[in-house]
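Commentary on secondary and tertiary structure
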Amino acid sequence: MTGSRPRGVLRYWLVGAVASIAPTFAAALDVTLSAPGASKDLVARLEETSSVYTADSRGLDTSLEVLSAALSDYRTIVQIMYDEGYFGPVVSIKLDGQEAANISALDAPAQFKRAVITVTPGPTFRFGEAVVQPIAPDTELPAEFATGKLATTGAIQQATSTGVQGWKDAGHAKADVEGQKVIARHAQSRLDAQIDLDPGPRLTFGKMIIQGDTRVRHRSIEKIAGFPSGEVYSPQELQKVGTRLRRTGTFSVVSIQERDTPNPDGTLDFDATFEDLPPRRLTFGAEVASNAGIDLTATWTHRNVSRRAERLRFEAALRNIGGSEDLDGRIGLRLDQPDRLGPDDNTFWSALLERRNTENYNVSVASLTYGARRTFSDRLYAEASAGFQWSDADDAYGSGRKFRYFIIPFRSEWDERDSKVSATRGFYLDSQAMPFVGLSGTDTGLRLFFDGRAYNDLGTGGRLVLAGRVQLGSVVGPPADGVTPDFLFFSGGAGTVRGQPFESLGIPVGTGVAGGRSFIGLSGEVRGRVTETLSLVGFYDYGVVDTSSFIGSGAEDHAGAGIGIRYDLGGFGPLRFDLAYPVQGTTGSGLQFYIGIGQAF
């Protein structure tokens, strides 16, 4: 049978109707498929797509089901051949030696034993005429759609969609295909394709009309969305509107659909439909280290506090449960207000109460800040705030030391990783700068911190990944004894150097150890996937701490190395188990282990 569509719509109906009441006969069907002259990839695609060839795996075991599959395969196979540039294929599907298209559903035997599919590709076709008209200025059609190129339906479809999208990008929201003429010239193995487009009028954004059952105030939605009423229509601007609304984390559904008919004044209105997520969310986390015990964390989030899409996040942590150090923890609050400023900006309040008990210092911290955040894209943001911090500390420099600050923290984060929990490609950059002004006799200075991470899978599809991390820290201005210990830098533990005790490396002060004014941390990992869920990791970590604001030749350093196992938990990231041993420095001895969820970095 040729590439034309099989006739007999009634036959399809009869096959379906009779198959629904026919008894089931469980018997294996012997199937062969051949396509002389076709590539191995094309044959494989035909085998994967053919309903007859995959009848056994699809559970098609009655004769009428097999016949129905064969009749549908004519169209399926012809379409595949068109996709590959063969516009004159001959398709034969024989069931027990009889062409399937000639078998009546009412006379079908009780069972088919053998199916033979033969596809004669014929010659490949090349484009003769390849035209999409008219096209918008600066629109570039795909290179595959041109005279002399291999003619495929995919090239035609891509050229058509590119032409339509070009007009939409130029403000013609209702651009569409007006007509098409595709002629296969078999004698010359040539395909002529002409696509006629209808750009329609150039339109501007009208109103965004809010629909759906949402508890968020409409005025807040409008301010967050930044809908560009009066501006020339642009798909990119429309996408930004949806992204801003989804970014709040308040909605499970955000759908913005253009209306079918523009307004007489050349504007186009849009219907925006929303569905809210459950307003409250509770999460838990845990991490285990051999010498630091168990750390437990919990967060409670309210997504729509006063119907303005605010997000209130309450965070609590309890640390050192069963560890070598005294129990400590933190309580933090953050309220994000997305409708206070422009569509890509929001304000926030942040508060923190924390107690840290370590081998080298104990400190109680309280802070309160108010700030603003600018979101440049889903992967890049920056924020700045201002507020106050109070610290009471006992450390190597003395007991009962008090610090009072006016702080101005700045932070930017650029995340180009392909996954936040188990990256295989991309990079992550976290940059922080915090000027602090001392109050009540406290010194003034500047704290800097940088965390950069990079990932490369070497073209292995994520089976082998090289991961690297660089951390840099510096305190500029006051001496080390004039700064609260939580501003200074230590090294050791899961976040810096595995195999060394937590915050074990600092600066010797008398019989104790204090934090340094500068820090460098380097980490490297080789991650190899053994199965789809199991991976092995080898790693090396190195840390340096110095008394000055910049690392010098006399800095204290240490290192650790080890191996780990990762078990993939899907969207939660891998379950992590690391064994590490100190390989440099005098701060630790013996094997350390770490358990958590997600990669180490």
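Above: the structure in question.
Residues numbered from 1 in each chain as written. Predicted model: local features only at pLDDT ≥ 70, side-chain atom pairs only at ≥ 80, totals over all residues. Heavy atoms only, no water.

**What about helix α7 (residues 235–247)?**
Stated formally: Helix and strand labels come from DSSP, where a helix needs a run of H or I of at least four residues and a strand needs a run of E of at least two; each type is numbered from the N terminus. One less than the number of residues in a helix, times 1.5 Å, gives the span that helix is expected to have. The classification of residues rests on relative accessible area computed with a 1.4 Å probe and restricted to protein chains. Under 20% of the type maximum is buried, over 50% is exposed, and intermediate values are partly exposed. In what follows, residue pairs with any heavy atoms lying within 4.5 Å of each other are defined as contacts.
Relative to the 18 Å expected for 13 residues at 1.5 Å per residue, α7 spans 18 Å between its end C-alpha atoms, a close match to the ideal helical length. The complete set of buried residues in α7 reads Pro 235, Leu 238, Val 241, Gly 242, Thr 243, Arg 244 and Leu 245. Contact partners of the buried residues in α7: α5 (153–169), β8 (204–211), α6 (218–225), β9 (251–258) and β10 (267–276). Trailing α7 by a residue or two, Gly 249 shows a phi angle of about 75°, which is positive.

**With respect to the packing of α6 against α7**
In a packed pair of helices, the relevant descriptors are the angle between the two axes and the axis-to-axis distance. As a reminder of what qualifies: All axes here are fitted lines through C-alpha atoms, helices being fitted over the stretch that makes contact, and every angle between N-to-C directions spans 0 to 180 degrees. Roughly parallel covers angles under 35 degrees, roughly antiparallel covers those over 145, roughly perpendicular covers 65 to 115, and oblique covers all other angles. Take the far helix as the reference: if the near one is turned anticlockwise from it by less than a right angle, the crossing is left-handed, and if turned clockwise, right-handed. Only Asp, Glu, Lys and Arg are considered charged in this grouping, and only Ala, Val, Leu, Ile, Met, Phe, Trp, Tyr, Cys and Pro are considered nonpolar; every other residue, Gly among them, is considered polar.
The contact between α6 and α7 brings their axes to 8 Å, and the two run at 125°. Accordingly, the angle class assigned to the pair α6 and α7 is oblique. Seen from above, α6 lies across α7 with right-handed handedness. Together, Ile 221, Ile 224 and Ala 225 of α6 and Val 241, Arg 244 and Leu 245 of α7 make up the contact between the two elements. Within the contact of α6 with α7, the residues separate by chemical class into five nonpolar, no polar and one charged.

**Let's talk about a nonpolar patch on the surface**
How we decide: Each patch is built from residues lacking any salt bridge and having more than 30% relative accessible area; the joining distance is 9 Å for like charges and 5 Å for nonpolar side chains (Val, Leu, Ile, Met, Phe, Trp, Tyr). The Shrake-Rupley method, run with a 1.4 Å probe sphere, supplies the accessible areas, and residue values consider only the shown protein chains as cover. What counts as a salt bridge is simple: a side-chain nitrogen of Lys or Arg found within 4 Å of a carboxyl oxygen of Asp or Glu.
Among the surface-exposed residues, Val 530, Leu 534, Leu 536, Ile 565, Tyr 567, Leu 569, Phe 572, Leu 575, Phe 577 and Ile 597 lie close enough to one another that they form a single nonpolar patch of about 920 Å² accessible area. Sorting the residues of the nonpolar patch by element identifies β26 (534–546), β27 (556–568) and β28 (574–584) as the ones contributing at least two each. Among the secondary structure elements, Val 530 is positioned in the loop between β25 (518–529) and β26. Owing to a relative accessible area of 48%, Val 530 belongs among the partly exposed residues under this scheme.

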